[in-house]
Amino acid sequence: MLTESLYRVLAVARINWTLRLRDPGQFISYLLMPMILMLVFKPVYNRAFSSGTLQVTTGMLVIFSTLALAIVGTATLTERTWHTWDRLRSTRVTTAELLLGKGLPVFLVLLAQQTILLTYGMLVIGVRPAGNTWLVALAVAVWGTTLLAIGTAIAATVRSHGELSAICDIGGLTLTTLGGAFVPVEMFPGWLRAVAPLSPGYWALSMLQAALRGNVPGTLLPAAVLLTAGLAAGAYAIWRLSRGLGRTTVL
């Protein structure tokens, strides 16, 4: 049974990996734009903050990895708009296997995006990590997993690519700004600092900055919060899609 399940997951993943390779536009956009902004804003951030290079690198990474929710959502929503989702559900593939197979290629895309941006931040922007590579790798994996789960939950709910784009763009910029991606939370007014922890971007930024500083407790606590949020989002997506709420008739 385990072998058959793995075979089904890999079959779905192989198809979706091919689709990602044939349409790399979104990935390239969400990779080049933060690189340009990091370079442009670096002098400003260095004058404004004591840890300007860290803030501009992690801030832009969190913003554009959150905007990459559109890539995650497209992987599932496209099947619904193509009217092929119902066909897939009529096979022996379970909802969890289907989402896992569709999610694996996108997860690799998210990992590649964050890894490239962090490497760029170190080589070009001047970020100096503490040397705990495993801690940074853990932070990247946790944030990628959380984004994957949230993006799948959004795709299971929206009815069009327009809705998906609006939610990812507006919601992504709002939540990352609230989380301190543009300006550190410490500079917010009191009422805004109080609600900042409601944003996943707040925990992602705290986790990535702590990981680059080599702060283990400061990395693990936000990681636990993000994994809890991701688990809830993933459970919601499976619940919704397994009950036919993602069928093309509801689009």
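Under the criterion given, the structure shown has four aromatic pairs. Between Phe41 and Tyr45, the ring centres sit 6.2 Å apart and the planes meet at 50°, which makes this aromatic pair tilted. Note that Phe41 and Tyr45 are positioned in helix α2 (residues 25-48) at a spacing of four residues, about one turn of the helix. For Tyr45, a relative accessible area of 8% translates into the label buried. Their ring planes at 35° and their centres at 6.2 Å tell us that Tyr236 and Trp239 sit as a pair that is tilted. Placement of the pair is Tyr236 and Trp239 together in helix α11 (residues 216-242), with a separation of three residues, close to one helical turn. On the basis of relative accessible area, Trp239 is assigned to the partly exposed category, the value being 41%. One aromatic cluster is present, built from ring pairs that chain together Phe41, Tyr45 and Phe49.

On to the environment of Leu227, then. Tracing the backbone through its elements, the reader meets Leu227 in helix α11. By relative accessible area, which is 42% here, Leu227 ends up partly exposed.

What follows deals with the pattern of salt bridges. On inspection of all chains with the given rule, the structure shows two salt bridges. The partner of Arg159 in a salt bridge is Glu163, and the shortest N-O contact between them spans 3.6 Å.

With that out of the way, let us pick up the environment of Ser165. By the secondary structure assignment, Ser165 is in helix α8 (residues 161-178). Sequence separation between Ser165 and Ala237 is 72 residues, and the spatial gap between their C-alpha atoms is 18 Å.

Right, let's get into the side chain of Thr146. Tracing the sequence through the fold places Thr146 in helix α7 (residues 133-155). In this structure, Thr146 is in contact with Leu226, Leu227 and Gly230, ignoring residues within four places of it in sequence.

Axis separation between α7 and helix α10 (residues 200-213) bottoms out at 8 Å; the angle between their running directions is 165°. Looking at the two axes, α7 sits roughly antiparallel to α10. Considering how the two elements wind past one another, α7 and α10 form a crossing that is left-handed. Each of Leu135, Val136, Ala139, Val140, Val142 and Trp143 in α7 lies in contact with α10, whose residues at this interface are Pro200, Gly201, Ala204, Met207, Leu208, Ala210, Ala211 and Leu212. Of the residues belonging to the contact of α7 with α10, the class tally is 13 nonpolar, one polar and no charged.

Between helix α1 (residues 2-22) and helix α6 (residues 95-125), the shortest axis-to-axis distance is 7 Å and the interhelical angle comes to 45°. Here α1 lies oblique to α6, going by the angle between them. The interaxial crossing formed by α1 with α6 has right-handed handedness. Here Ser5, Arg8, Val9, Val12, Ala13, Asn16, Trp17 and Arg20 of α1 lie close against α6, whose contacting residues are Glu97, Leu98, Leu100, Gly101, Lys102, Leu104, Pro105, Val106, Leu108 and Val109.

If you walk through the whole model with that rule in mind, you get one cavity of 30 Å³ or more. Estimated volume of the largest cavity: approximately 30 Å³. In terms of lining, the largest cavity is formed by Val72, Ala75, Thr76, Leu99, Lys102, Gly103, Val106, Leu148 and Thr152. For the lining of the largest cavity, the elements supplying multiple residues, two or more each, are α4 (69-81), α6 and α7. Here the element with the most residues in the lining of the largest cavity is α6; it accounts for four residues. In terms of residue class, the lining of the largest cavity is made up of five nonpolar, three polar and one charged.

If you look at soluble globular proteins, the nonpolar side chains tend to sit buried side by side. Counting 52 residues, the largest nonpolar core has Tyr30, Met60, Trp143, Met207 and Leu226 as the members making the most contacts within it. When residues of this core are traced back to their parent elements, those giving at least two are α2, α3 (52-67), α4, α6, α7, α8, α10 and α11. The dominant element in this core, judged by the number of residues it contributes, is α7, at ten residues. In contact with Tyr30, other than residues within four places in its own chain, are Phe64, Leu67, Ala68, Ala70, Ile71, Gln113, Leu117 and Asp169.

The rules behind the values
- For every chain, the first residue of its written sequence is number 1, and the numbers climb from 1 along that sequence.
- Local features in this predicted model are restricted to residues of pLDDT 70 or higher, and side-chain atom pairs are both shown and tallied only at a pLDDT of 80 or more, whereas totals for entire chains, interfaces and linings draw on every residue.
- Hydrogens and water molecules were not included; the side-chain quantities draw on all heavy atoms of the structure.
- Working definition: a ring pair exists when centres of Phe, Tyr or Trp rings (six-membered ring for Trp) sit within 6.5 Å. Plane angles under 30 degrees give stacked, over 60 give edge-to-face, the rest tilted.
- Secondary structure counts use DSSP, requiring at least four H or I residues in a row for a helix and at least two E residues in a row for a strand, with both numbered from the N terminus.
- Under the scheme applied here, a residue whose accessible area is under 20% of the maximum for its type counts as buried, over 50% as exposed, and between as partly exposed, the area being computed with a 1.4 Å probe on protein chains only.
- The salt bridge definition used is simple: a Lys or Arg side-chain nitrogen within 4 Å of an Asp or Glu carboxyl oxygen.
- Every residue pair with non-hydrogen atoms within 4.5 Å of one another is taken to be in contact.
- Note on geometry: axes are C-alpha line fits, over the in-contact stretch for helices, and angles between N-to-C directions span 0 to 180 degrees.
- Each angle gets one of four labels, with under 35 degrees taken as roughly parallel, over 145 as roughly antiparallel, 65 to 115 as roughly perpendicular, and the rest as oblique.
- Each crossing gets its handedness from the near helix: less than a right angle anticlockwise from the far helix is left-handed, clockwise is right-handed.
- Lys, Arg, Asp and Glu make up the charged group, whereas Ala, Val, Leu, Ile, Met, Phe, Trp, Tyr, Cys and Pro make up the nonpolar group; the residues left over, Gly among them, are polar.
- Using only the protein atoms, space was sampled on a 1 Å grid; points where a 1.4 Å probe fits but cannot get out form cavities, open sets with protein on both sides within 12 Å along at least five of seven lines form pockets, and lining residues are those with an atom within 4 Å of a point.
- Grid points are joined across faces, edges and corners, and a volume is the space filled by probe spheres set on the points.
- Put simply, a nonpolar core is a bunch of buried Ala, Val, Leu, Ile, Met, Phe, Trp, Tyr and Cys residues held in one set by side-chain atoms that sit within 4.5 Å of each other.

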